[in-house]
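Each chain is listed here by its residues.
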Amino acid sequence: PRPFPRMARPICAEIDLAAIETNLERVRRCAPGAEVMAVVKADGYGHGLLRILPALQLADGLALIEIDAALVVRGTGERRPILLLEGFFEAAELDAVADANLSVAVHDAEQVRMLERARLRRPIDVYVKANTGMNRLGFAPGDVAGVCERLERADAVSSIRLMMHFARADENGDTLAEPLARFERACGSLPYPRSIANSAGVVRYDEVGGAVVRPGIMLYGATPFAGRSAASLGLAPAMTLRSKLIGVQTLVAGDAVGYGGLYRAASPMRIGVVACGYADGYPRLAPSGTPVLVCGERVPMAGRVSMDMVTVDVTSVPQAGVGSDVVLWGAGLPVDEVAAGASTVGYELLCAVAPRVPFAVRSRTGDPGRVA
């Protein structure tokens, strides 16, 4: 069993840098010739932005939401392009954006006006976002050309690219034709590079194309598709949430388990208690039957998830006892499978790991690495 680093409570989120590198290589194979802007928003999808940067050195650039995080990355000496996917939020931020040489998405007429009025020490690169049916951010297709004309004349703008975001690229069927047609209407013969594909679009790259791709969830080894596993896409899990059993109870038929007593033993059984709960980021709505690995074997959860513990049926694992290794998701147990049981998506679970959970970074040589 792998020792847990410097802590009393046996829970740890282990980050595998080699897995992220493998997943980035998969992006390259799916989208040959395209620039890869690795999406690292939400603190690297919960993995820790600064932890994972060493595994993303072969990406052409980075994309995130948070300006302060972008400035921290620049402070590490990072020189590659960094794209702010929601752009800037007020004119006062533009000086910092320019000084740090950040690129910005422009999706609203007010942003255009701010750029037209700005007097910056250096011009910035912009991505003009078209609304192709998501109806969140972006300009109507008929407005894109006019926006680009205005930005071409703005002293604060250095270069222009065009971008869109799919609403349904993760679904089966012909869900790409309509947004791609809207994007083509928006862009027409505009002579600017285009950024189209998210993770789902990267996998469907032959249908999508684009000069710049923006992979997110697939870099972390989870699937962008409800009906296709990460393993089937050639992806490796980058985060494994590990813990141990801290107690074992022997039940007789009729005994109840956990809050509310909703789970009752139908026959004699052994219940293992895992040091992990919703205060650690495990989904409270995960029902009985949700899989957990104990001693490398799948066992079902039994009873409600509580704040600090989950209970599992270890009757089929006679060697399981206090100190036995547990995997809540990750290596051997896809996060997407756990998420589906809780009626959510893997994205949410990865992003929701609580601050009290220590992280360990597994180096690319396979060593357990350091706590970070």
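Refer to the structure above for everything that follows.
Residues numbered from 1 in each chain as written. Predicted model: local features only at pLDDT ≥ 70, side-chain atom pairs only at ≥ 80, totals over all residues. Heavy atoms only, no water.

Draft legend 1. Local environment of the overall build of the chain. The helix and strand inventory of the chain stands at 12 helices and 19 strands. Here the chain holds 372 residues, and 52% of them are scored as buried. Intrachain contacts of the chain at a sequence separation of at least 6 include 63% that bridge at least 24 residues. Surface accessibility of the chain: about 16000 Å² in total, with carbon and sulfur atoms responsible for 52%. Here the chain carries 39 positive and 40 negative side-chain charges, and the mean point of each set is 3 Å from the other. (Helix = DSSP H or I, 4+ residues; strand = E, 2+ residues; numbered from the N terminus. Buried < 20%, exposed > 50% of the residue type's maximum accessible area, 1.4 Å probe, protein only. Contact = heavy atoms within 4.5 Å. Areas by Shrake-Rupley, 256 points an atom, 1.4 Å probe, with all protein chains shown as cover. Lys, Arg positive; Asp, Glu negative; His and termini not counted. Charge placed at Lys NZ, Arg CZ, Asp CG, Glu CD.)

Draft legend 2. Helix H4 (residues 67-75), seen in detail. Those residues of H4 that fall on the buried side of the exposure criterion are Ile67, Ala69, Ala70, Val73 and Arg74. An end-on view of H4 places all buried positions within 160° of arc, on one side of the element. Summarising the geometry of H4, the exposed residues directed more than 90 degrees from the buried face are Asp68 and Gly75. For H4, the elements touching its buried residues are helix H3 (49-52), strand E3 (61-64) and strand E4 (82-84). Two residues or fewer after H4 comes Gly77, characterised by a positive phi angle close to 100°. (Arc of directions from axis to C-beta.)

Draft legend 3. The arrangement of the environment of Asp170 in detail. Inspection of the secondary structure puts Asp170 in the loop between strand E7 (157-163) and helix H8 (177-187). Looking at Asp170, the relative accessible area reads 34%, which means it is partly exposed. C-alpha of Asp170 to C-alpha of Val40: the two residues are 130 residues apart in sequence and 20 Å apart in space. Apart from the residues lying within four places of it in its own chain, the contact partners of Asp170 are Ala200, Pro224, Phe225 and Ala226.

Draft legend 4. Region of interest: unusual backbone geometry. Even without a glycine there, the phi angle at Ala42 is positive, about 55°. Considering the arrangement of structural elements, one finds Ala42 in helix H2 (residues 41-45). Using a relative accessible area of 36% as the deciding quantity, one classes Ala42 as partly exposed.

Draft legend 5. Structural view of the pairing of E7. Pairing of strand E6 (residues 124-129) with E7, which is carried by 6 bridges, proceeds in the parallel orientation. In the strand pairing of E7, Tyr127 is matched with Arg161. Running through helix H7 (residues 144-153), the crossover from E6 to the neighbouring parallel element E7 is right-handed. Bridge analysis of E7 against strand E8 (residues 194-195) gives 2 bridges, and the strand direction is parallel. Looking across to E8, one finds that Leu162 is bridged to Arg194. Crossover connection from E7 via H8 to parallel E8: handedness right-handed. (Pairing = 2+ DSSP bridges. Right-handed = clockwise from strand over helix to strand, strands pointing away.)

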